[in-house]
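The primary structure of each chain is shown beneath.
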Amino acid sequence: MTTTSMTATRRHTVVDSPYGALTLVATDGVLSGLYMTEQRHRPPEESFGAADPAPFGETVRQLAAYFAGELTEFDLPLDLAGTPFQRSVWAELVRIPYGETRSYGELAESLGKPGASRAVGLANGKNPVGIIVPCHRVIGASGSLTGYGGGLDRKQRLLAFEQGDQDEVATLF
């Protein structure tokens, strides 16, 4: 993961998914954003740059494979703008295996900051590349589905899909 510079060129495209339209954003040709419709913390549209599908071929291919149930781990270069703590949380998110969940407290513990579950939750909520950096895999300590920038319904559906819920898989096709 790299960090975005102030003179970067940004481009975007919108792709369909089983969970609604996804806006993909690239900074200097590297994926830096994946935003759902009505997503909390979604940057303003004018910050996405010109519409241009060219930088997104591999991202679109991997997303299609993920939604088809053929890909469980993304392999894409990412350019994630955030604080060092946020980036450490996001790096930890990609370590959560497909189909599994972790609590905010477990993530804080794995970062060596056992008292930082709230800060982990805030960083999780600011994740700029949902699905690919799987913030939907983080749940409350009691196992409850807590906040998700893309909405709790989407979170529930993504988790059900990854855990092989045949009803959810059927709704994708």
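Our structure is the block above this text.
Residues numbered from 1 in each chain as written. Predicted model: local features only at pLDDT ≥ 70, side-chain atom pairs only at ≥ 80, totals over all residues. Heavy atoms only, no water.

Participant: What is the right way to look at the packing of aromatic side chains in this model?
Facilitator: Both the distance between ring centres and the angle between the ring planes are used here to describe each pair of aromatic rings. Considering all chains together, one arrives at six aromatic pairs under this definition. With a centroid separation of 5.2 Å and an interplanar angle of 70°, the aromatic rings of tyrosine 66 and phenylalanine 67 are classed as edge-to-face. With a relative accessible area of 7%, phenylalanine 67 lands in the buried category. When the centroid spacing of 5.3 Å and the interplanar angle of 40° are considered together, the rings of tyrosine 66 and phenylalanine 74 count as tilted. Taking the relative accessible area as the measure of exposure, phenylalanine 74 reaches 15% and is therefore buried. (Phe/Tyr/Trp six-rings, centres within 6.5 Å; stacked < 30°, edge-to-face > 60°. Buried < 20%, exposed > 50% of the residue type's maximum accessible area, 1.4 Å probe, protein only.)

Participant: I keep staring at unusual backbone geometry and nothing clicks. Help me out?
Facilitator: Excluding glycine, residues mostly carry a negative phi; peptide bonds, for their part, are mostly trans. In this model, aspartate 28 sits at a positive phi of 50°, which is unusual for a non-glycine residue. Secondary-structure assignment places aspartate 28 in the loop between β2 (22-27) and β3 (30-36). Positive phi values are uncommon outside glycine, yet isoleucine 131 reaches one of about 70°. If you trace the backbone, isoleucine 131 turns up in the loop between α4 (117-125) and β6 (138-139). (Helix = DSSP H or I, 4+ residues; strand = E, 2+ residues; numbered from the N terminus.)

Participant: Even after reading the chapter, I still don't get the pattern of salt bridges, so can you show me in this structure?
Facilitator: Oppositely charged side chains may form a pair once their charged atoms are brought near each other. Following the criterion strictly, the structure yields six salt bridges and no others. Glutamate 58 serves as the salt-bridge partner of arginine 61, at 2.7 Å between the closest nitrogen and oxygen. Taken together, the residues arginine 61 and glutamate 58, both in helix α1 (residues 57-67) and three residues apart, mark about one turn of the helix. Linking glutamate 92 and arginine 95 is a salt bridge whose minimum nitrogen-to-oxygen distance equals 2.9 Å. Classification of glutamate 92 by relative accessible area gives buried; the value is 15%. Assessed through its relative accessible area of 55%, arginine 95 is described here as exposed. (Salt bridge = Lys/Arg side-chain N within 4 Å of Asp/Glu carboxyl O.)

Participant: Where do I start with the packing of helix α2 (residues 84-93) against α4 in this structure?
Facilitator: Describing two packed helices takes the angle between their axes plus the distance from one axis to the other. In contact at an axis separation of 9 Å, α2 and α4 are set at 80° when each is read in the N-to-C sense. In terms of orientation, α2 lies roughly perpendicular with respect to α4. Residues Phe85, Gln86, Val89, Trp90 and Leu93 of α2 pack against Ala119, Val120, Ala123 and Asn124 of α4. Residue classes in the contact of α2 with α4 are distributed as seven nonpolar, two polar and no charged. (Axes fitted to C-alpha atoms, helices over the stretch in contact; angles between N-to-C directions. Parallel < 35°, antiparallel > 145°, perpendicular 65-115°, else oblique. Contact = heavy atoms within 4.5 Å. Nonpolar A, V, L, I, M, F, W, Y, C, P; charged D, E, K, R; others polar.)

Function-wise, these values are silent; they only describe arrangement.
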